[in-house]
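Tertiary structure, described
Here is what each chain is made of, one letter per residue.
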Amino acid sequence: MTPSAPDASPECPVWCAGHEDDQEPTPPRWHRSDGIIVSVVERHRTRFGGVPAPLVAKDFVVALEQDAQAIYLYIGALEDGHRFFAVTLDSAQRLHAAISAALEIAT
Ligand SMILES: [Zn+2]
């Protein structure tokens with residue numbers, strides 16, 4: 001969100017693209033960036049009826065969020081707001097390093 005956006009606030013980080021509707025009017029206490037949509041193929045279970053579980057294609061969103069406590073990396077299923085995790089940036093960096101290490105082993 002740019003400073004000229006209608007619901008921008010001096011408290012908004014430069015990457016803020018919006019807030020929860022029920023917290024308006026300002027000052028906002030929660031900020032969220034524009035999301036990046038990522039297509040993924042996931043497995044919901046280890047096995048399904050004795051055979052490997054089917055793989056499912058889904059869209060996930062990756063975004064930044066901020067509340068009064070911290071800035072978070074949010075990753076969640078686009079069509080299911082209950083399936084997500086939001087971790088602090090330090091945690092996201094540790095996960096990033098671990099994911100990179102795992103991918104390096106796999107390839
Ligand atoms: Zn904001």
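Residues numbered from 1 in each chain as written. Predicted model: local features only at pLDDT ≥ 70, side-chain atom pairs only at ≥ 80, totals over all residues.

**Quick word on the overall build of the protein chain**
For the protein chain, the count of helices and strands is 1 helix and 7 strands. Counting helices and strands in the order they occur from the N terminus, the protein chain gives β-β-β-β-β-β-β-α. Going through the 107 residues of the protein chain one by one, you find that 9% of them count as buried. Across the protein chain, contacts joining residues at least 24 apart in sequence account for 20% of those joining residues at least 6 apart. (Helix = DSSP H or I, 4+ residues; strand = E, 2+ residues; numbered from the N terminus. Buried ≥ 20, exposed ≤ 12 C-beta atoms within 10 Å, placed from the backbone. Contact = placed C-beta atoms within 7 Å.)

**Some details on the pairing of strand E6 (residues 71-77)**
Judged from the 7 bridges that link them, strand E5 (residues 55-66) and E6 form a sheet pairing that is antiparallel. Looking across to E6, one finds that Gln66 is bridged to Ile71. Between the end of E5 and the start of E6, which pair antiparallel, lie 4 residues. Where E6 and strand E7 (residues 84-88) come together, 5 bridges link them in antiparallel fashion. Residue pairing for E7: Leu73 is matched across the bridge by Val87. Counting the residues in the hairpin turn of E6 and E7 gives 6 residues. (Pairing = 2+ DSSP bridges.)

**A closer look at helix H1 (residues 89-106)**
When the terminal C-alpha atoms of H1 are compared, their 25 Å separation across 18 residues agrees well with the 26 Å that a helix rising 1.5 Å per residue should span. For H1, a buried count of 0 out of 18 residues is recorded, marking the element as mostly open to its surroundings. (Expected span 1.5 Å × (residues − 1).)

**What to know about the environment of His44**
Its place among the elements puts His44 in the loop between strand E2 (36-43) and strand E3 (47-48). Non-local contacts of His44, meaning those with residues more than four positions away in its chain, are made with Ala53 and Val56.

**Focus: the pairing of E5**
Both strand E1 (residues 31-32) and E5 contribute to a ladder of 2 bridges, which runs antiparallel. If you follow Arg32 over to E5, its bridge partner there is Glu65. Bridge count between E2 and E5: 8 bridges; the pairing is antiparallel. Its bridge partner being in E5, Ser39 is matched across the sheet by Asp59.

**A short note on the confidence of the model for the protein chain**
Chain-level pLDDT for the protein chain is 85 on average; 82% of the residues reach the 70-or-more range. Averaged over each element, pLDDT in the protein chain is lowest for E3 (70) and highest for H1 (97). Counting interchain partners and residues more than four positions distant, the pLDDT-below-50 stretch residues 1-5 has 7 contacts. (pLDDT = per-residue confidence, 0-100.)

**Quick look at the environment of Cys12**
By the secondary structure assignment, Cys12 is in the segment before E1. Between the C-alpha atom of Cys12 and that of Arg32, which follows or precedes it by 20 residues, the distance is 9.4 Å.

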